[in-house]
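Listed here are the chains, written in short residue letters.
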Amino acid sequence: MSAIALDRWLQHLVKHLPVAKEGRDPEGVHQVRVAIRRLRVWLRLAGMRVLEDDLAWLVRAAGEVRDLEVLLQHPDLPKAFRNWAASRLEQARAAFAPLLDSPRLAGLLQALSNLPPLDEASAQNRLKRFVHQAERKAEEWRNHDSIESLHALRRALRRLRYAREWLGLDSQAVKALQEIFGQVGDLSFTLRYLAAFEAEGGKVPAAYKRQLEAQLTEALEAAQAAWHTHQADLG
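All of these numbers come straight from a predicted model, not from anything done at the bench.

**Regarding the overall build of the protein chain**
For the protein chain, the helix and strand inventory stands at nine helices and two strands. When the elements of the protein chain are put in sequence order from the N terminus, they spell out β-α-α-α-α-α-β-α-α-α-α. By principal-axis analysis of the C-alpha atoms, the protein chain measures approximately 60 × 45 × 25 Å. Burial statistics for the protein chain: of 235 residues in total, 48% are counted as buried. Restricting the contact set of the protein chain to residue pairs at least 6 apart, pairs at least 24 apart contribute 73%. When the accessible surface of the protein chain is totalled, it reaches about 12000 Å², and 49% of it is carbon and sulfur.

Laid out in structure tokens, this is it:
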């Protein structure tokens, strides 16, 4: 067994931080979040809790920026809703960008660079925890049948996928599930932002909202079917 260093994804994070700060390319924030999430999984495979809070802080801080960037990539947004989302994105970026120059982030990057490599044998043993967590979240989804429980399962699947990839294992089945569940996430947060827009007095055609709700229903059905097809492939 060999050791697994986190250098690749730490460098990926450092590379995309300036892009995220500039705010012109949506891939900047997206890749920052991907790198952080992969690093968090590396820490769990290493059995470390150190730096977890700092990594979670940065993911949360970038969350609204990423959501709104994805939302604005949809070509069919009603004009008033699009203008509202663009204004809210500008505010979210203004709040997020200063964090990228903060001492907390500088300290986090320095601390990550000083961590020793991950022992692969220990990581292999901890991989089972990621599978079991996904199975628990799936049970909760079956029991509650809510979008929130499906989102929790999707996050568990993402962690399982990243854990397998850190160990050089195939992750195609997990990735396929994650992507199908992602359609539910995309539609549900679109409806959530639409509700916020309407709460502030915004108006959209009723047919647009009905279309989103119908698409969400279809996405939920597709998620159920995909889970029944692929759940046995997780281990």
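Having seen the model, we can carry on.
**Quick notes on the pattern of salt bridges**
According to the stated counting rule, one finds 13 salt bridges in the structure shown. Note that Asp101 and Lys21 form a salt bridge whose closest N and O atoms lie 2.5 Å from each other. Pair noted here: Asp101 is in the loop between helix 4 (79–96) and helix 5 (103–113) and Lys21 is in helix 1 (residues 7–22), with a separation of 80 residues, a long-range link. A relative accessible area of 53% means that Asp101 is categorised as exposed. Where salt bridges share partners, they join Arg38, Arg161 and Glu165 into one cluster.

**Structural notes on the side chain of Glu69**
By the element assignment, Glu69 lies in helix 3 (residues 52–72). With residues up to four places along the chain from it excluded, the contact list for Glu69 reads Pro26, Val29, Leu89 and Arg93.

**Describing the side chain of Arg38**
Along the chain, Arg38 falls in helix 2 (residues 27–45). Its relative accessible area of 10% is what places Arg38 among the buried residues.

**So, the environment of Ala111**
Tracing the backbone shows Ala111 in helix 5. Relative accessible area serves as the criterion here: at 26%, Ala111 is assigned to the partly exposed category. Linking Ala111 and Ala163, residues 52 residues apart in sequence, is a C-alpha distance of 21 Å.

**A closer look at helix 1**
For helix 1, with 16 residues, the first-to-last C-alpha span of 24 Å sits near the 22 Å given by 1.5 Å per residue. Along helix 1, the positions that sit buried rather than exposed are Trp9, Leu10, His12, Leu13, His16, Leu17 and Ala20. Taken together, the buried residues of helix 1 touch helix 2, helix 4, helix 5 and helix 7 (147–166). Positioned one or two residues after helix 1, Gly23 has a phi angle of 85°, which is positive.

**As for unusual backbone geometry**
A positive phi angle, close to 75°, is found at Leu51, a residue other than glycine. In this model, Asp145 sits at a positive phi of 50°, which is unusual for a non-glycine residue. Asp145 sits in the exposed class, given a relative accessible area of 54%.

**A short note on the environment of Asn125**
Relative to the helices and strands, Asn125 resides in helix 6 (residues 120–144). Taking the relative accessible area as the measure of exposure, Asn125 reaches 55% and is therefore exposed. Between the C-alpha atoms of Asn125 and Ala85, which are 40 residues apart in sequence, the distance is 44 Å.

**Quick look at the packing of helix 1 against helix 2**
It is the contact of helix 1 with helix 2, at a shortest axis distance of 8 Å, that shows an interaxial angle of 155°. By the angle between their directions, the pair helix 1 and helix 2 is classed as roughly antiparallel. Between helix 1 and helix 2 lies a crossing whose hand is left-handed. Seen from helix 1, the contacting residues are Trp9, Leu10, His12, Leu13, His16, Leu17, Val19 and Ala20; seen from helix 2, they are Glu27, Gly28, Val29, Gln31, Val32, Val34, Ala35, Ile36, Arg38 and Leu39. In terms of residue class, the contact of helix 1 with helix 2 is built from twelve nonpolar, four polar and two charged.

**Observations concerning the packing of helix 6 against helix 9 (residues 206–230)**
Two elements in contact, helix 6 and helix 9, have axes separated by 13 Å at closest approach and are oriented at 135°. On the basis of their axis angle, the class for helix 6 and helix 9 is oblique. Handedness of the helix 6/helix 9 crossing: left-handed. Within the contact between the two elements, helix 6 uses Ala138, Trp141 and Arg142 and helix 9 uses Ala223, Gln224 and Trp227.

Parameters at a glance
- Residues numbered from 1 in each chain as written.
- Predicted model: local features only at pLDDT ≥ 70, side-chain atom pairs only at ≥ 80, totals over all residues.
- Heavy atoms only, no water.
- Helix = DSSP H or I, 4+ residues; strand = E, 2+ residues; numbered from the N terminus.
- Buried < 20%, exposed > 50% of the residue type's maximum accessible area, 1.4 Å probe, protein only.
- Contact = heavy atoms within 4.5 Å.
- Areas by Shrake-Rupley, 256 points an atom, 1.4 Å probe, with all protein chains shown as cover.
- Salt bridge = Lys/Arg side-chain N within 4 Å of Asp/Glu carboxyl O.
- Expected span 1.5 Å × (residues − 1).
- Axes fitted to C-alpha atoms, helices over the stretch in contact; angles between N-to-C directions.
- Parallel < 35°, antiparallel > 145°, perpendicular 65-115°, else oblique.
- Left-handed = near helix turned anticlockwise from the far one by under 90°.
- Nonpolar A, V, L, I, M, F, W, Y, C, P; charged D, E, K, R; others polar.

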